[in-house]
Amino acid sequence: MHDRSRSKLLRAVLLPLLAATGCDGCPSSRPYTPYTLGSAAPSGAPSSPGGALPDEVGAADAGAVDGDDAGAADAAAPARFTAVPSVPAPDGGKRWPLDGGAAVAAPTGRTFETGLLLDVDGDGARDLVAWARSPDGLRGELLFAPAARPGAPRTLAALPGDLAAQGCAPRVGLSQIGPAMLALDFDPQCGAHLPARAARWIAVIRLPGAASGAGALPELALELRLRTPPPDEALSAALEVADRDADGRDDLVVSVGLAGALRPFPAPAAGSPELRVPLVFLDRPAGLSRDAAQPGEALRGLVASALRDARGKATAPAAAAAAHRLRRLHAALCADAAGAGASAGRDAARAGEALVWVGPSPVRCNEPGLAASIDHAEAVAAATRGAPLAAIAALDRGDAEARSREGSKLLAKLAPQVTAAAVYRSIAAPQPSRPGSLGPLAFEANGDLLIRTARGVVRVDHATLGESAADVPPWSAAVLAGPAELVGVERRCDAPTLLALFRSSPDAVGAMEVPLPLLRDQGPRARGGAASPERCAGTERVPFSPLAASERGFDIALGAALVSIDLRSAAPTSAALSFPLATPAPRGAARSPDGKTLAVPAAGGLLVATAGGATRLWGGDTALGSACVPANGGARVACVGGAAAVIYEAR
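On a predicted model such as this, the values are computed, not experimentally measured, just so you know.

What counts and how
Residue numbers restart at each chain and count upward from 1, following the sequence in its written direction. For a predicted model such as this one, the threshold for reporting local features is a pLDDT of at least 70, and the threshold for listing and counting side-chain atom pairs is 80 or more; totals across whole chains, interfaces and linings nevertheless cover every residue. Water and hydrogen atoms play no part in the side-chain values, which are based on all heavy atoms of the structure. As a rule, the C-alpha atoms of each element are fitted with a line to give its axis, helices using only the stretch in contact, and angles between N-to-C directions run from 0 to 180 degrees. Each helix corresponds to a stretch of at least 4 residues labelled H or I by DSSP, and each strand to a stretch of at least 2 residues labelled E; elements are numbered beginning at the N terminus. Any angle that falls under 35 degrees is termed roughly parallel, while one over 145 is termed roughly antiparallel, one within 65 to 115 roughly perpendicular, and all others oblique. Left-handed is the label given to a crossing in which the near helix is rotated counterclockwise from the far helix by less than a right angle, and right-handed is the label when the rotation is clockwise. Contact definition: two residues touch when any of their heavy atoms are within 4.5 Å. Three residue categories are used. Nonpolar comprises Ala, Val, Leu, Ile, Met, Phe, Trp, Tyr, Cys and Pro, charged comprises Asp, Glu, Lys and Arg, and polar comprises the others, including Gly. Each residue gets one of three labels from its accessible area relative to the maximum for its type: buried under 20%, exposed over 50%, partly exposed in between, using a 1.4 Å probe on protein chains only. Two aromatic rings, drawn from Phe, Tyr or Trp (for Trp, its six-membered ring), form a pair once their centres lie within 6.5 Å of each other, and the interplanar angle then sorts them: stacked below 30 degrees, edge-to-face above 60, tilted otherwise. At least two bridges found by DSSP between two strands is the condition for calling them paired.

Peer 1: I'm lost on the packing of helix H4 (residues 316–333) against helix H6 (residues 370–384) in this one. Help?
Peer 2: In helix packing, the relevant descriptors are the interaxial angle and the interaxial distance, both defined with respect to the helix axes. The N-to-C vectors of H4 and H6 enclose an angle of 160°; their axes lie 8 Å apart at closest approach. Overall, the two elements H4 and H6 adopt an arrangement that is roughly antiparallel. Crossing of H4 against H6: the hand is left-handed. Residues Ala316, Ala319, Ala320, Ala323, Leu326, Arg327 and His330 of H4 form the contact with H6, whose participating residues are Leu370, Ala371, Ile374, Asp375, Glu378, Ala381 and Thr384. Grouping the amino acids of the contact of H4 with H6 by side-chain chemistry returns nine nonpolar, two polar and three charged.

Peer 1: Teacher, can you tell me more about the environment of Leu333 here?
Peer 2: Topologically, Leu333 is positioned in helix H4. According to the relative accessible area criterion, Leu333 is buried, its value standing at 1%. Each C-alpha atom, one on Leu333 and one on Val277, is 9.1 Å from the other, the two residues being 56 residues apart in sequence. Apart from the residues within four sequence positions on either side, Leu333 is in contact with Val256, Val277, Leu279, Pro295, Val356, Val363 and Cys365.

Peer 1: Help me understand the packing of aromatic side chains, please; the structure alone is not making it clear to me.
Peer 2: Aromatic rings considered in pairs are described by the distance between their centres and by the relative angle of their planes. Considering all chains together, one arrives at three aromatic pairs under this definition. Where Trp96 meets Phe112, the ring centres are 6.0 Å apart and the plane angle is 80°; that geometry is what we call edge-to-face. Residue Trp96 is found in strand S4 (residues 95–97), and its partner Phe112 is found in strand S6 (residues 111–118); the two are separated by 16 residues along the sequence. Using a relative accessible area of 3% as the deciding quantity, one classes Trp96 as buried.

Peer 1: Would you explain the sheet that holds strand S2 (residues 84–85) in this entry?
Peer 2: In sheet architecture, strand pairing relies on hydrogen bonds along the backbone and comes in two forms, parallel and antiparallel. If you walk across this open sheet you meet the seven strands as S2-S10-S11-S12-S13-S18-S19, and the pairing is antiparallel. Each having just a single partner strand, S2 and strand S19 (361–362) make up the two edges of the open sheet. Across eight bridges, strand S12 (residues 199–206) lies against strand S13 (residues 219–227) in antiparallel orientation. Counted as the bridge partner of Ile205 is Leu220 from S13.

Peer 1: Explain the pairing of strand S32 (residues 561–566) to me, please; I cannot follow it from the model alone.
Peer 2: As a general feature of sheets, a regular strand has side chains that alternate between the two faces. Extensive coverage of S32 is indicated by the burial of six of its six residues. The two faces of S32 match: Ala561, Val563 and Ile565 on one face and Leu562, Ser564 and Asp566 on the other face are all buried. Relative to S32, strand S31 (residues 553–558) runs antiparallel, the two being bridged by six bridges. Bridged to Phe554 within S32 is Ile565. Where S31 hands over to S32, the hairpin turn is made up of two residues, of which Gly559 adopts a positive phi near 65°. Sheet topology places S32 next to strand S33 (residues 573–576); four bridges connect them, and they run antiparallel. Bridge pairing links Ser564 to Ala575 in S33. Between S32 and S33, which pair antiparallel in sequence order, lie six residues.

Okay, structure coming up:
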């Protein structure tokens, strides 16, 4: 494609997207309404399939152009094509009459459901293109029967066998969406019962043009699969037929959008524009060929827009929400995006893996730096809002190598790195405790360190560093909210978010789970764990730091991400938590006695943050410790190191 055509194509695709997110000074463009694959109309209903009205598809403008090209483009713009919807099959679907008295018989074991009569092969007589289905509707073929040979129908496309989902009640729509293109929409309509293999199937048929000559046959040009997203999210696709590269052939643009929000993420604010990105398929003599530039260019444009908004005080909150929605759209569309990894044998809708497939394979976007750019936009928005910990949490996703240069600079600004030096190593051995429990160390308000040992509590004097028995009862390692106990956080292939696990009482059998406002690929990983965007490794326990527990529930830190878990309702909920925390700090939590300082592993070090004070990233030996706790003000931190408690100070 030459440069001028490419620029027209990019404007044609990106301008509607920029308009949806707000654009000042954009060139004007005449509107178009593509064929939308929404909830399909019931088979046999008088409305057009896919819920589309007859005028919802057209050979849209080739795109707005600048300067003198604008008037020429308007003058040369082709007339809008009006979609032609299929009609229900007559006579119970056994036979379909053609012009002149002939009829097409349905194949053995099939009945016609819906179809179109149009001159496909250019001989002047109307042919039949119809969907023939099995009695249960779970299998079928799109047939072409030429008027000249009505007794010899040809299969244009057959529903793939792996999509025949038992227990579903499919709806089928068929429309002519362009002068030389048909679209068949098979929607399994599974409701609450959602087999792992259930997917919406769209078959695009290319009709022979006049240059092909009489007798030329239609052919299957493209197959799309839209897998059902997790509950509370909705995937949409719109098909637009237009000559995007000005070569005289109709191309296809599939515009994909993801609406709603996973539980427990907040729903988008009313009036928020839907984020949509295109997959572009250019018509070539050998068939439709995907334009490798998309959806990458559109995604990068949306990230750039979010980053601009992230820098404004008034627009930063909306930019943070847009970054999350963009991350979900990226994962839904791109199999090589973080969080879109395959989970063979699992329920794809629950897992939230890549949802858009071209033929038998998911879409690969080849945008390795996009996830880090989204994280950076979210971090800038959080920093603009005055939430440095939320910004650090956004920057701390993935590994340091994946972090953008700008993200690394922002992290260094938000949390300057200091070197931690050990000033004392205890003789008393801290009592071992499992990860995620209240640790065996706790500072007192005067700076003394308490060490819970197997035989009692030992005090380390803050001035002399001498050890002595303390008249303090040992505190429990269990993280308890009334009778409920927090037992862990998991990353699972069959869940799109991290899950907190708790028991309703110490003697309860099994654990209950609460979705957390962190996607499956977010949050820290166990030491030595490696993330792969295209492969999920079963079930993994996620390291976390207890911060507080009360009758209300639990407060925890997953790296720098702070989360509150509320157990007061019948269905426990969770939400992102702001720093500083209002709840008291129990002994053994990753907080100071006054609750104003926390110390959590993040960004390859120990993040020590004080409300109204400094936020610093401690490096050095603290990275080797565990169950770290800070003193008031954050001047000292104590961690379990081997069989001792180690007190550190920043140098």
